[in-house]
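So the chains spell out like this:
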Amino acid sequence: LFGLVSIIDEHAFGDLKSFREQFASLSQAQVFETLKARLKPICHRTLRRQVTAYVPFTKRHAMVEPFDPSEGEDKLYHLVSDYLQRDNLQALPPSQRTLMTLVLRKLLASSSFAIAGALTSIANRLKAQLKAEEPTLSLEDELDEDYEALDETAEEWGDDPAEPLSAENRAAIRAEIADLEEFTRIALSIDHNAKGKALIKALQVAFAKAGEFGAAEKAIIFTESRKTQSYLLRLLADSAYAEGIVLFNGTNTDDTSKAIYNRWIERHQGSDKITGSRSADMRSALVDYFREEGRIMIATESAAEGINLQFCSLVVNYDLPWNPQRIE
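Fair warning: this is a prediction, and the values are worked out from it, not measured in the lab.

Student: Hey, could you run me through the pattern of salt bridges in this one?
Tutor: Close approach of charged atoms lets side chains of opposite charge pair. Considering all chains together, one arrives at 10 salt bridges under this definition. Notably, a salt bridge pairs R86 with D179, separated by 2.9 Å at the nearest N-O pair. Here the residue R86 occupies a position in the loop between α4 (71-84) and α5 (97-110), and D179 occupies one in helix α8 (residues 167-188), the gap between them amounting to 93 residues. Under the relative-accessibility criterion, R86 is labelled partly exposed at 32%. A salt bridge links K127 to E181; the nearest nitrogen and oxygen atoms lie 2.6 Å apart. In this pair, K127 sits in helix α6 (residues 112-130) while E181 sits in helix α8, placing the two residues 54 residues apart along the sequence. On the basis of relative accessibility, which here comes to 38%, the residue E181 falls in the partly exposed class. Residues joined by salt bridges that share partners form a network here, namely K273, D288 and R291.

Written out as structure tokens, the structure reads:
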């Protein structure tokens with residue numbers, strides 16, 4: 001707070017030493033009231049409704065599509081939830097447990113395909129631990145291959161030193177591996193997610209609504225998992241929305257993306273639209289395709305930053321982001 005206010009008025013609080021002396025000894029209630037009074041001439045909150053005459057906000061029409069998980073999905077959810085609440089977990093180091101629990105719950109909420117991949121990775125790491133093998137990737141790097149939002153918490157990951165395994169620990173690890181493999185088996189036995197079926201219905205309703213407003217029939221679907229992204233591609237490919245689907249993620253290595261990129265390069269050869277950076281040009285190619293020919297973009301976190309998608313009239317938050325403010 002001292003630093004932020006100093007940007008506006010470096011004399012508002014005096015120097016840092018006097019600021020600490022003044023506010024460190026007060027109770028929380030006293031601090032709140034004193035700071036409120038001191039900040040009154042500096043901080044002013046402007047509400048959205050107060051600036052509509054100057055800023056043309058696009059009206060938002062929010063819709064929610066409810067769904068009920070299938071029996072298999074419900075069973076998987078409760079088994080994984082109970083597992084994550086155990087007092088002792090061999091798979092999750094103490095320094096990473098809180099964050100890992102959050103990540104696994106996010107993948108569990110995303111799709112059965114996303115959590116199956118994570119459970120398999122964790123079980124394989126435990127097997128390597130029993131063999132005293134050093135994993136090629138850290139746990140966070142391994143999960144980051146599917147869950148792109150993991151980067152937001154990278155600085156919060158801690159490291160736990162490896163310790164020799166006792167006979168008791170080995171037995172606990174074997175039992176945990178058996179549980180994880182059973183959870184994975186259940187997850188892999190689920191062909192379709194109720195959430196995915198709800199998406200098809202949501203698109204029908206939302207596109208009809210967009211038609212009423214004269215908006216373009218384009219939708220971007222946000223998910224936080226690449227495995228869920230692949231599932232949604234398969235799902236939509238077998239629906240009325242099979243034409244004009246484009247994927248957008250941190251790698252964009254699928255065949256369709258490569259074909260779109262190659263056509264874009266050929267089309268803009270010799271122009272200044274080509275930057276020479278494959279990553280940047282790939283992003284431009286996919287956005288141009290979506291604007292001109294596409295109907296649905298299935299995107300991960302990568303599409304939330306640095307590209308302009310304002311031509312798209314419909315946003316589907318298939319997975320709610322880590323920070324709800326990202327929806328804005």
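Student: What exactly am I supposed to notice about the nonpolar core here?
Tutor: Generally speaking, nonpolar side chains in soluble globular proteins are found buried as a group. Ranked by size, the top nonpolar core spans 30 residues in total, and within it L76, L104, I115 and L180 carry the most contacts. Those elements that place two or more of their residues in this core are α4, α5, α6 and α8. The element that contributes the greatest number of residues to this core is α6, accounting for 9 residues.

Student: For this particular structure, what's the right way to read the pairing of strand β3 (residues 296-299)?
Tutor: Consecutive residues of a regular strand have side chains that alternate between opposite faces of the sheet. Side chains I296 and I298 of β3 all project onto a buried face; the interleaved residues M297 and A299 project onto the opposite face, where all are buried too. In terms of strand pairing, strand β2 (residues 245-248) meets β3 through 4 bridges, oriented parallel. Along β3, the bridge assignment pairs L247 with I298.

Student: Hey, could you run me through α4 in this one?
Tutor: Residues that lie three or four places apart on an α-helix share one face, since the helix turns once every 3.6 residues. Taking 1.5 Å of rise per residue, the 14 residues of α4 would be expected to cover 20 Å, and the 20 Å separating its terminal C-alpha atoms lies within 8% of that figure. Taken together, the buried positions of α4 are occupied by E73, L76, V80, S81, Y83 and L84. Down the axis of α4, the buried side of the element spans an arc of 160 degrees, and every buried residue falls inside it. Turned more than 90 degrees off the buried face of α4, the exposed positions are E71 and D82. Elements in contact with the buried residues of α4: α5, α6, α8 and α9 (194-212).

Student: What should I look at first to understand the environment of Y261 in this one?
Tutor: Its place among the elements puts Y261 in helix α11 (residues 255-267). The class of Y261 is buried, set by a relative accessible area of 12%. In this structure the C-alpha to C-alpha distance between Y261 and H78, which are 183 residues apart in sequence, comes to 43 Å. Dropping the residues within four chain positions of it, Y261 is found in contact with R278, D281, M282 and A285.

Student: Honestly, the sheet that holds β2 in this entry has me stumped. Any pointers?
Tutor: By way of backbone hydrogen bonds, the strands of a sheet pair with one another, either parallel or antiparallel. Read from one edge of the open sheet, 4 strands run β2-β3-β1-β4, paired in parallel fashion. Taken across any chain shown, the strands that pair with only one partner, and hence form the sheet edges, are β2 and β4 (314-317). In this sheet, neighbouring strand axes are inclined to one another by 20 degrees on average, regardless of whether the strands run parallel or antiparallel. Across 4 bridges, the pairing between strand β1 (residues 219-222) and β3 is parallel. Across the sheet, F222 pairs through a bridge with A299, a residue of β3.

Student: Would you explain a nonpolar patch on the surface in this entry?
Tutor: There is a patch of nonpolar side chains on the surface, built from L4, I7 and I8 and spanning about 370 Å² of accessible area. When you line up the elements, I8 lands in helix α1 (residues 2-8). Overall, the relative accessible area of 59% leaves I8 in the exposed class.

Student: Before we go on, may I ask you to explain the packing of aromatic side chains in this structure?
Tutor: Each aromatic ring pair is specified by the distance between its two centres and by the angle formed by the two planes. A full pass over the atoms with the stated rule returns 8 aromatic pairs. Judged by centre distance (6.0 Å) and plane angle (85 degrees), the ring pair of F13 and F23 falls under edge-to-face. Residue F13 is located in the loop between α1 and α2 (16-23), and its partner F23 is located in helix α2; the two are separated by 10 residues in the primary sequence. Residue F13 is classed as buried on the basis of its relative accessible area, which comes to 5%. What makes F23 buried here is its relative accessible area of 9%. An aromatic cluster is defined as three or more aromatic residues linked by ring pairs; in this entry it consists of F2, F13, F19 and F23. A cation over an aromatic ring shows up here: K195 above the ring of Y318, its NZ or CZ 4.4 Å from the ring centre. In this structure, R278 packs its charged tip against the face of Y261, placed 4.5 Å from the ring centre.

The rules behind these values
Residues numbered from 1 in each chain as written. Predicted model: local features only at pLDDT ≥ 70, side-chain atom pairs only at ≥ 80, totals over all residues. Heavy atoms only, no water. Salt bridge = Lys/Arg side-chain N within 4 Å of Asp/Glu carboxyl O. Helix = DSSP H or I, 4+ residues; strand = E, 2+ residues; numbered from the N terminus. Buried < 20%, exposed > 50% of the residue type's maximum accessible area, 1.4 Å probe, protein only. Core = buried A, V, L, I, M, F, W, Y, C linked by side-chain atoms within 4.5 Å. Pairing = 2+ DSSP bridges. Expected span 1.5 Å × (residues − 1). Arc of directions from axis to C-beta. Contact = heavy atoms within 4.5 Å. Axes fitted to C-alpha atoms, helices over the stretch in contact; angles between N-to-C directions. Patch = residues over 30% accessible without salt bridge, like charges linked within 9 Å, V, L, I, M, F, W, Y side chains within 5 Å. Areas by Shrake-Rupley, 256 points an atom, 1.4 Å probe, with all protein chains shown as cover. Phe/Tyr/Trp six-rings, centres within 6.5 Å; stacked < 30°, edge-to-face > 60°. Lys NZ or Arg CZ within 6 Å of the ring centre and 35° of its normal.

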